[in-house]
Amino acid sequence: MLRRWLMRIFSGIQPTGTKHLGNYIGAIRQYVEGQDRGEAIYCIVDLHATTVQYEPAELRARTLDTAALLVASGLDPQRCILFRQADVLEHTEMTWLLSSVTALGELNRMHQFRDKSVAQRELVSAGLLFYPVLQAADVLVYRADEVPVGEDQREHLELMRDVARRFNARFGDTLVVPEHRIPEVGARIMDLQDPTRKMSTSSASVEGTVYVLDEPAAIEKKLKRAVTDSGSEIVRAPDKPGVTNLIDITAASRGVTPDAVVEEMRGTRGYGDLKAAAAAAVVEMLAPVRERYEELRADEAALQDMLATGADKARAIAAGTMADVRDVMGVGPPK
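Bear in mind that the values here come from a model prediction, so they are computed numbers and not experimental data.

Participant: Got a sec to walk through the overall build of the protein chain? Specific residues and values, please.
Facilitator: Helix and strand counts for the protein chain come out as twelve helices and five strands. Relative to its length of 335 residues, the protein chain is compact, with a C-alpha radius of gyration of 21 Å against a globular reference of 20 Å. Each of the three principal axes of the protein chain carries a C-alpha extent, and together these read 70 × 45 × 45 Å. Within the protein chain, buried positions represent 51% of all 335 residues. Within the protein chain, contacts between residues at least 6 apart in sequence are counted, and of these 75% link residues at least 24 apart. The averaged location of the 49 negative side-chain charges in the protein chain is 2 Å from the averaged location of its 41 positive side-chain charges.

Participant: Go over helix α6 (residues 126-140), please, and point to the residues and values.
Facilitator: Relative to the 21 Å expected for 15 residues at 1.5 Å per residue, α6 spans 21 Å between its end C-alpha atoms, a close match to the ideal helical length. Of all the bends in α6, the greatest, near 40°, is centred on P132. The complete set of buried residues in α6 reads L128, L129, Y131, P132, V133, L134, Q135, A136, A137, D138, V139 and L140.

Participant: I'd like a description of the nonpolar core, backed by residues and values.
Facilitator: Grouped together as the largest cluster of nonpolar side chains are 54 residues, with contacts concentrated most on L21, L82 and L286. Broken down by element, this core gets its largest block of residues, twelve residues, from helix α11 (residues 271-297). Here L21 is in contact with I189, M199, V210, V212, I249, V282, M285 and L286, once residues within four sequence places are set aside. The next biggest cluster of nonpolar side chains, apart from the first, holds 40 residues, and it includes C43, V101, L107 and V139.

Participant: I'd like a description of the pairing of strand β2 (residues 39-44), backed by residues and values.
Facilitator: Where burial is concerned, most of β2 is hidden: five out of the six residues are buried. As paired elements, strand β1 (residues 8-13) and β2 share six bridges and run parallel to each other. Bridge pairing links F10 to I41 in β2. Following the chain from β1 across helix α1 (residues 21-34) to the adjacent parallel β2, one finds a crossover that is right-handed. As paired strands, β2 and strand β3 (residues 80-84) are joined by five bridges and run parallel to one another. Across the sheet, residue C43 finds its bridge partner in β3, namely F83. Taken together, β2, helix α2 (residues 56-72) and β3 form a β-α-β motif whose crossover is right-handed.

Participant: Would you mind going over the packing of aromatic side chains in detail, with residue names and values included?
Facilitator: Per the counting criterion, the structure on display carries four aromatic pairs. Aromatic pair F10 and Y142: ring centres 5.4 Å apart, planes at 10°, arrangement stacked. Of the two residues, F10 is situated in strand β1 and Y142 in the loop between α6 and β4 (146-148); the sequence distance between them amounts to 132 residues. Accessibility classification places F10 together with Y142 in one group, the buried group. Arranged with centres 4.5 Å apart and planes meeting at 20°, the rings of Y31 and Y42 form a pair that is stacked. Highlighted residues: Y31 in helix α1 and Y42 in strand β2, separated in sequence by eleven residues.

Participant: Report on unusual backbone geometry, specifying residues and quantitative values.
Facilitator: Residues apart from glycine generally show negative phi values, whereas peptide bonds are mostly found in trans. A positive phi angle, near 50°, is found at R143, a position not held by glycine. Note on placement: R143 falls in the loop between α6 and β4. When its relative accessible area of 7% is taken as the criterion, R143 is described as buried.

Participant: An account of the pattern of salt bridges is needed here, citing residue identities and associated values.
Facilitator: The tally for this structure, following the rule as stated, stands at 20 salt bridges. Across the pair R297 and D65 runs a salt bridge whose closest N-O atoms are separated by 2.5 Å. A residue pair is termed long-range when its members are at least 10 positions apart, and R297 in helix α11 and D65 in helix α2 qualify at 232 residues. Of the residues examined, R297 reaches a relative accessible area of 14% and is grouped as buried. Between K335 and D324 there is a salt bridge; the shortest N-O distance is 2.6 Å. Taken together, the residues K335 in the segment after α12 (300-329) and D324 in helix α12 connect sequence positions eleven residues apart. It is possible to trace a salt-bridge network through shared partners that takes in D65, R297 and E300.

Participant: Break down the side chain of D229 for me, citing the residues and quoting the values.
Facilitator: On the secondary structure map, D229 appears in the loop between α8 (216-224) and α9 (241-254). Put simply, D229 is tucked away with no salt bridge, and the nearest opposite charge, on K240, sits 5.2 Å away. Reaching out from D229, the side chain makes a polar contact with the backbone nitrogen of G242 at a distance of 3.2 Å. The residues contacting D229, other than those within four sequence positions of it, are D239, K240, P241, G242, V243 and Y271.

Participant: A description of the environment of Y293 should follow, citing residues and the corresponding values.
Facilitator: Inspection of the secondary structure puts Y293 in helix α11. Here the alpha-carbon distance between Y293 and R188, two residues 105 residues apart in the chain, equals 25 Å. Ignoring anything within four residues of it in the chain, the contact list for Y293 reads D65, A68, L69, A72 and L213. A polar atom in the side chain of Y293 sits 3.4 Å from the side chain of D65.

Thresholds applied
- Residues numbered from 1 in each chain as written.
- Predicted model: local features only at pLDDT ≥ 70, side-chain atom pairs only at ≥ 80, totals over all residues.
- Heavy atoms only, no water.
- Helix = DSSP H or I, 4+ residues; strand = E, 2+ residues; numbered from the N terminus.
- Rg over C-alpha atoms; globule rule 2.2 N^0.38 Å.
- Buried < 20%, exposed > 50% of the residue type's maximum accessible area, 1.4 Å probe, protein only.
- Contact = heavy atoms within 4.5 Å.
- Lys, Arg positive; Asp, Glu negative; His and termini not counted.
- Charge placed at Lys NZ, Arg CZ, Asp CG, Glu CD.
- Expected span 1.5 Å × (residues − 1).
- Bend = angle between axes of the 7 residues up to and from the residue.
- Core = buried A, V, L, I, M, F, W, Y, C linked by side-chain atoms within 4.5 Å.
- Pairing = 2+ DSSP bridges.
- Right-handed = clockwise from strand over helix to strand, strands pointing away.
- Phe/Tyr/Trp six-rings, centres within 6.5 Å; stacked < 30°, edge-to-face > 60°.
- Salt bridge = Lys/Arg side-chain N within 4 Å of Asp/Glu carboxyl O.
- Polar contact = N/O pair within 3.5 Å; in protein donor to acceptor, adjacent residues only side chain to side chain.

The following block contains the structure:
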């Protein structure tokens, strides 16, 4: 296995749903920071989106929406590799080969599979079960050292690491065992109307979800109506999930510590001031993204060209890994 001096970072993002504040703080902003820390590879995972019911035309449109949003947020195709998953066939080949070292019991125990399979009314697809194997292939085919993920993906990341170790133990030291990177602040942004639940693309309330492309007035309205807790003390505590969420949102949006926000709020009039501070911080953070997004999304040809160029770069890396994987597994002609 080749050794690199430069750390390689990989992450994938679903093109489904409208991206919200939790996506932005927990994932997208990490992507932008990753461009300065190593060789950054980011993938819009359209293949993952086919594991549940979807409309093909909407999937294509959402993929371009996501590409425009990522670039508007600060991803620079000259400083990172940004591409569409289905354009690099090595992802699907790697998925099949990794299935030989992935235990069925492990897949059955994944919380995401159990939750989504219960929600599926017509068909629980095999793709839903194999979702974590494709996710492992996404990362391992690039021999990534680090994967920026939200707290909810820790389980899948641990499976990915187990699969890589099992492969290396059986076939020799071929794959990199990746490390996760979870943000210290804002790893779990909660629903504003139900702060015991994570802000979610699929199951959140509209009133409790701040979307990245929301107008400032909508952001202010949602945060003003955010559910808080009994009492008036502004502290982070297990029995104050609503206040804790607002503190974390403010801290993450400003790039400061939660303790700094708590200290600033001492002597204020209470929750109303905290909500106002959170709204101002979020509006200031997201305004440039929304403005640039509109310009980028209007030029679909440029977005397609950008994704195709990124796929060429990604394919060159993935092909090298697959050549080594086939060789050690005895699949296809020898190198």
